[in-house]
Amino acid sequence: MTDMHSNDGPYLSVEDLVVHFPTADGIVKATDGLSFTLGRGKTIGVVGESGSGKSVSSSAILGLHRGSSAQVSGRIVLGGTDLLMLSDEEMRLRRGKEVSMIFQDPLSAMHPYYTVGNQIAEAYLVHNDVSKKAARARTLEMLERVGIPQPDRRIDDYPHQFSGGMRQRAMIAMGLINDPGLIIADEPTTALDVTVQAQILDLLQDLQREFNSAIIIITHDLGVVAEMADDVLVMYAGRAVEYGPTKDVLTHPQMPYTWGLLSSVPDVQGDTNAALIPIPGNPPSLLNPPTGCAFHPRCVHRSKVPADLCTTTLPELLPGSQGPGHTKRCHLADPDELYRTEILPEIMPDLIVED
Amino acid sequence: MAISKKPFAALAVAALATTLVACGGSDGDNGGGSKSEGTAGGNAIFYNGVRNTEHWDPQRMYIGRDLNNSGRLFYRSLVAYPASNDPVKGTTPIPDLATDTGTSEEAGKVWKFTVRDDVKWEDGKAITCEDFAYGASRNFATDVIIGGPANYLFTYLDIPTGKDGLPEYKGPFKKTGQDLFDKAVSCDGNTITYKMKKPWPDFPQSIASLRYLDPYRADLDKGDASNFQIISNGPYKLDGKWTEGTGGKFVRNTNWDAKTDTIRKALPDTWQFKEGDTEETIYEQFLAKTGDANFGVTERRMPPTFYSRIAEAGKLYTKVESPFVDYVLPNFNSPVFKDIKCREALKFATDKTAWINAGGGERAFTPAYSAVNPSVPGYEKNAAFGDIPDNGDIEQAKAALAECSAPKPVKIKFTYSGGTPTSDKQASALKAAWDKAGFKTELDPLADTYYSVIQKPDADFDVTWGGWGADWPSIGTVIPPLFDSRINITPSSNGNDYGNYKGGPEVDAMIDAAYAETDLTKAASLWAGVDAKLGEDVAYIPLEITIFNFLHGSKITGYSNNVSTNGYADLATIGVTK
Amino acid sequence: MVAYIIRRLIAGVVLLVVMSIVTFALFFASPIDPAQFACGKNCSPAMKAQTAASMGYDDNFFAQWGKFAKGVFVGRDFPDDPKLKITAPETIAHCAAPCLGYSKERTSTVTDLIKQTMPVSLSIAVVAFAFWIIGGVLLGVIAALKRGTLIDRGLVGLSLVLYAFPTFFIGLLLLKFVAIQWNWVPVPEYTPIAEGGITGWLSSLLLPAITLAVFFMAGYVRMTRAFVLESLSEDYVRTARAKGLPKRTVTFKHALRAALTPIVTMAGLDFAGLMGGAIITESVFNYPGLGKLAVAANTDFDLPTLVGLVILLASFVIIANIIVDVLYAVIDPRVRLS
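This structure is a prediction, so every number in the text was calculated from the model and none was measured.

Draft legend 1. Main features of the interface of chain C and chain B. Every contact between the two is made by 47 residues of chain C and, on the other side, 50 residues of chain B. Sorting the residues of the side of chain C that touches chain B by element identifies helix 2 (34–39), helix 3 (45–55), helix 5 (82–87), helix 8 (167–181), helix 12 (279–285) and helix 13 (290–299) of chain C as the ones contributing at least two each.

Listed below in structure tokens is the structure:
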């Protein structure tokens, strides 16, 4: 290891990340003060509804907002370098090489007019001074590695000629072709069949082990998080509302929004008694977010908080009953008790006994 | 875009008319324009504008502009008009290819002309009497030689008419009835003889005004395919071929001998004919005094939008009264206007001034008091219209309308050639005046279909519009074509008698008497009598005479709008300076 | 692919047959009598009947169309008069197959008229096309890439203004000032390559081509801008950026490639339409092309010429459609022609 910063701290450290979009109607606060860390070989799951700011935050890490009107502040330290301090060109050279992204819906994320092989090789050629032939060989190798059958034949196919799962494998090959230290996977399995989903997640885990990469996996599927992530970060209205080790958060969620997410996950284990309870209401406007706790208009437990605290004061992200590694943004005094007595019996009747 | 949507109207307006008096008290031999003598040499341009030449075949030509221009540059006739703006001199034929102006026998039923023996075609062959006979014979091939004024010969030439309503001679292509023609038109050495069914006192005028009796070369005749072929016997010949829509170039014809020709000065070395330019383009160029247009003349009239710039044009501007008259016609088949009192009410109610003002004012029109143009010999102000004020007589109109048998208010439908803002404005002006007198007028503008509709005898209009110019200086080419029901009205069409007027035995007899009069002065007054009768019957209500406003290029010399060329530029005298 | 093209061609021919019938039908439905017009102003009913017969307008609708259709395959003689063929064969015009008819009004076969006028229209179309594609697409791309800046707003504003001006107005303006008033260029007059060489030909086409191009260019600037902006927001463009590709590659290889595909389609069809004659431009500048011919034929009720032009124009559009579809398949691998 020659990376002098590698042992100094976490591989990735995001501190107080803010992404604002000025529009004619006002400022859209897509991400507002997000912080988290991620080590090499580790995975963090970022969970939230659409519009909660999870994709915006990951795009900011990749520097994709550069050249647009977005205002980005805070610090994104990757391997000791603050990415926000880099010039556009320096950032471009890191994009796809040190940080790469695997997009949701690979059909639209791949160019319809170029062959799969061409598009993957392009990612290699831009960061490596090699011949086209060498790039093609490397592409073949990657296609084989991600499990594309007969890669020498499929390399010249167009994206529309691939099945959904194969396209996602190709996307992964494209993302990993330069051995990046950080991979951001944005809903990598959303568009896929359930069986294919599992294969893709397995593949990602295999590759992570092989390359020792850090992965940010963006999803709204807690099942994916449970399988993949070491840590989980729940986002709501541009802010982290709960953040901690995956097991801890899933077993002892501290925030009514997380409860809502848990209850709206269909139980893959096949418990037909489990009630599928959607979160009432709509995601908040990022232009005019609700006062106080952004979740309060949808929170059924608001009445359990004294005074008008929920509507007037934004709760801090603070450790709860589960120790300093597990923080939450909620005014509820004893969320553990509430969860155990009111929520769990409804959503996972079988689990109560074990608990 | 100045694209004519009114082909029939355009035909009527551009139709040949002959004599014409220049406006503004112009006297002497020249009409408006430069009096300077031209010098030989240079290239002159004639702008045909957006109205393409349809035929250069002499037997098919029927448009005043083309008849004039070809007669001045490359087609000669037995007799022609001298280049003059004198109302008498300019309308009196003089010898051209013939040795004299012709001699008539049997009270105008036989005409003889002798062809000069020193005149040649462009290829050097002598012009013979047989060429004239052949040219005349082509008129009878109306299945091939379409569109010309052949009907005059059908009426007069001594060839029997068959059951199909056409002469029994079918022309030189099919040769059916050739012997009939050879008896009517014959050659004796250089002398050609035309035999008529009835007297034709103004036959030489018809030869000088039209080209249908020009000579033609049998050996070069390809029938319809000869439409744009020009076999010149005048000072210029076509260089290369004529392209419809583009034009052609004329160069000097070395086989033309100036000594044989007193009419054509032939000053420029070449004449370029250009087709397709809009009036706006032509007039902008004249005004800008730049480029080739400096050497150009045109028959296209100045668009009204240019009136305000006339002062800018200075000496390049000329103005003449046109040989045409516009009028409205009550429909004698309509339930309202069967009644003379209703027609009189319409006559008194008609406001010429409003119509003229709506159409562009006194720059564009001058009031008319007869369907006959004042330039035609024998013209008299029609008594029926002359005393009514130009803006109508509302009291007399109301009085006449009170006696009109139609149910009140008298609803009438005015069908006119519309489709342009000006024509609609003019129609509205007429309607306003008629309605003031007590009519209730419905306006019915028609564009392309106008003539097809009003020529139907059972059409349901009450009033319509028409315009006409004489084919040669005789009222005989105005009144009979418009009002003689015997030649116009058939079960399916009213011909040019759009008002379906039937004069009956009295008027028919007057027309026949005027035709038969061999003394042209006496004939003219007989025709004026027919016109007076038409006025009494209110067969028509005259509106106005169009004014021609022209510009020409700044390097044009010898420009004049002569009566001998219907008020258009006379190409016989035009030259260019360097 | 070949089977597809053949099928499209057959459909095109059927369409042409239908269009020729419709044109005939419209002509027949009109109350205008072309024989009356051809016969002139001093025309007796007997002469008119004879004129109608000699022009072939005395037959019924189906017989006339039948003769026309037959002529396309075997040619025709005009006039088709057996007696005249014996007594004066030199007066018979033969119109060889594929005969689109014979215009009595213009004393020419329709095929010859088209041969005469088409080079003019084609020349204007080609030069105008070059102007508007190069100008319109380039400026549209610039506007999209400089989105929101003064350049963008200026270009969009200008194209809106130009788009609002009618073609004839721009044409008259150019003609009046550039050619006539200021005399910067001579009043344009069509010069074939054979006469003036490439330079003479090109300079003669300058003003008409600009007139026509300005109008189309204005539209293409706006269209290109919209397509490029749309394409720039596509997911695959984001992917390209995420790969670390330089901006140039992202813009030109990824964004523009997709944005230009619909423009190819539009351009192909617009060009085909123009080949049929730019009526207004040709009229303003007095260029003897197909458009002017169409106007003239319409003014004097010249059915054969009108039918010929309708069929010609329709074939252009049909062929252009097929070419555009094939081209689309070449550009976009997702499109399979089957």
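Draft legend 2. Local environment of the domain arrangement of chain B. Residues and elements named next belong to chain B. You can read the domains of chain B as domain 1 (53–272) and domain 2 (323–547). Here the C-alpha centroids of domain 1 and domain 2 sit 34 Å apart. Domain 1 puts twelve residues into the contact, and the matching count from domain 2 is nine residues. Each residue belonging to the side of domain 1 that touches domain 2 can be placed in one class, and the counts come to six nonpolar, five polar and one charged.

Draft legend 3. Up close: the nonpolar core. In this structure, A:Ala173, A:Val234, B:Ala345 and C:Ile124 are the most contacted members of the largest nonpolar core, which totals 338 residues. The element that contributes the greatest number of residues to this core is helix 9 (residues 193–232) of chain C, accounting for 16 residues. Look past the residues within four positions of B:Ala345 in its chain and what remains in contact with it is B:Ala397, B:Ala400, B:Leu401, B:Cys404 and B:Ala437.

Draft legend 4. Focus on the UniProt feature "transmembrane region" (unreviewed entry) in chain C. Within the UniProt annotation, "transmembrane region" (unreviewed entry) is assigned to residues 9–28, 120–143, 155–178, 198–221, 255–280 and 306–331 of chain C. Span residues 306–331 of chain C is 100% helix and 0% strand, its end C-alpha atoms 37 Å apart.

Draft legend 5. Summary view of the UniProt feature "domain: Solute-binding protein family" (unreviewed entry) in chain B. Mapped onto the present numbering, the UniProt feature "domain: Solute-binding protein family" (unreviewed entry) falls on residues 92–485 of chain B. Along residues 92–485 of chain B one finds 26% helix and 20% strand; the C-alpha atoms at either end are 30 Å apart.

Draft legend 6. Quick look at the domain arrangement of chain C. All names here are of chain C. In terms of domains, chain C is made up of domain 1 (2–111) and domain 2 (116–331). Using only C-alpha atoms to locate each centre, domain 1 and domain 2 end up separated by 34 Å. Contact residues are listed per partner, giving 22 residues for domain 1 and 16 residues for domain 2. Of all the elements in the fold, those that place two or more residues in the side of domain 1 that touches domain 2 are helix 1 (2–29), helix 2 and strand 3 (102–103). Taken together, the residues that form the side of domain 1 that touches domain 2 break down as 14 nonpolar, five polar and three charged.

Draft legend 7. The arrangement of the arrangement of the chains in detail. Of all two pairs of chains in contact, the one with the most contacts involves chains B and C. As for chain B relative to chain A, no contact occurs, and the smallest C-alpha gap between them is 46 Å.

Draft legend 8. Representation of the interface of chain C and chain A. Across the boundary between the two partners, chain C contributes 18 residues, which contact 23 residues of chain A. Of all the elements in the fold, those that place two or more residues in the side of chain C that touches chain A are helix 10 (235–242) and helix 11 (247–275) of chain C. With six residues, the single largest contributor to the side of chain C that touches chain A is helix 10 of chain C. Residues of the side of chain C that touches chain A, tallied by class, amount to seven nonpolar, three polar and eight charged.

Draft legend 9. View of the UniProt feature "domain: ABC transmembrane type-1" (unreviewed entry) in chain C. Residues annotated in UniProt with the feature "domain: ABC transmembrane type-1" (unreviewed entry) correspond here to residues 118–328 of chain C. Across residues 118–328 of chain C one finds 84% helix and 0% strand; the C-alpha atoms that close the span lie 27 Å apart.

Draft legend 10. Spotlight on the sheet that holds strand 6 (residues 185–188) of chain B. All names here are of chain B. Strand order in the open sheet formed by four strands is 4-5-7-6, with antiparallel pairing between adjacent strands. Of all the strands in the sheet, the pair left with one neighbour each is strand 4 (103–105) and strand 6. Each adjacent strand pair in this sheet contributes to an overall mean axis angle of 20°, direction not counted.

Draft legend 11. Molecular detail of unusual backbone geometry. Cis peptide bonds are those with omega within 30 degrees of zero, and the linkage from B:Lys408 to B:Pro409 qualifies with -10°. Secondary-structure assignment places B:Pro409 in the loop between helix 12 (394–403) and strand 15 (410–417). Note that the residue after C:Ala97, namely C:Pro98, is joined by a cis bond; omega there is 0°. Mapped onto the fold, C:Pro98 is located in the loop between strand 2 (93–95) and strand 3. Residue A:Asp16 is not a glycine yet carries a positive backbone phi of 50°. With respect to the secondary-structure elements, A:Asp16 resides in strand 1 (residues 12–23). On the neighbour-count criterion, A:Asp16 (11 C-beta atoms within 10 Å) is exposed. Phi at C:Asn183 takes a positive value of approximately 60°, unusual for a residue other than glycine. Of note, C:Asn183 is situated in the loop between helix 8 and helix 9. The partly exposed category is assigned to C:Asn183, around which 13 C-beta atoms lie within 10 Å.

Draft legend 12. Inspection of the sheet that holds strand 4 (residues 71–78) of chain A at higher detail. Residues and elements named next belong to chain A. The antiparallel open sheet is built from four strands, whose spatial order is 2-1-4-5. The sheet is open, and its two borders are formed by strand 2 (26–38) and strand 5 (81–82), each paired with just one other strand. Bridging between strand 1 and strand 2 involves ten bridges; their strand directions are antiparallel. Note on strand 2: the bridge partner recorded for Phe 21 is Val 28.

Draft legend 13. The arrangement of the packing of helix 9 (residues 340–349) of chain B against helix 13 (residues 421–437) of chain B in detail. Residues and elements named next belong to chain B. Viewed as axis vectors pointing N to C, helix 9 and helix 13 meet at an angle of 125°, and their least axial separation amounts to 9 Å. Relative to helix 13, helix 9 is oriented oblique. Crossing hand, helix 9 versus helix 13: right-handed. Facing Ala 345, Leu 346 and Ala 349 of helix 9, the residues of helix 13 in contact are Ala 433, Trp 434 and Ala 437. Taken together, the residues that form the contact of helix 9 with helix 13 break down as six nonpolar, no polar and no charged.

Draft legend 14. Representation of helix 18 (residues 520–536) of chain B within the structure. Residues and elements named next belong to chain B. Between its first and last C-alpha atoms helix 18 spans 24 Å; for 17 residues at 1.5 Å apiece the expected length is 24 Å, and the two agree. Of the positions making up helix 18, those classed as buried are Ala 523, Ala 524, Trp 527, Ala 528, Val 530, Asp 531, Leu 534 and Gly 535. Projected down its long axis, helix 18 carries its buried residues within an arc of 155°, all on one side. Against helix 11 (383–386), helix 15 (479–483) and helix 17 (504–516) lie the buried residues of helix 18. Positive backbone phi, approximately 50°, marks Val 538, located one or two places after helix 18.

Conventions used here
- Residues numbered from 1 in each chain as written.
- Chains lettered and ligands numbered in written order.
- Predicted model: local features only at pLDDT ≥ 70, side-chain atom pairs only at ≥ 80, totals over all residues.
- Contact = placed C-beta atoms within 7 Å.
- Helix = DSSP H or I, 4+ residues; strand = E, 2+ residues; numbered from the N terminus.
- Domains from an automatic or database assignment.
- Nonpolar A, V, L, I, M, F, W, Y, C, P; charged D, E, K, R; others polar.
- Core = buried A, V, L, I, M, F, W, Y, C linked by C-beta atoms within 7 Å.
- Buried ≥ 20, exposed ≤ 12 C-beta atoms within 10 Å, placed from the backbone.
- UniProt positions renumbered as here; feature names shortened; annotations may be inferred.
- Pairing = 2+ DSSP bridges.
- Axes fitted to C-alpha atoms, helices over the stretch in contact; angles between N-to-C directions.
- Parallel < 35°, antiparallel > 145°, perpendicular 65-115°, else oblique.
- Left-handed = near helix turned anticlockwise from the far one by under 90°.
- Expected span 1.5 Å × (residues − 1).
- Arc of directions from axis to C-beta.

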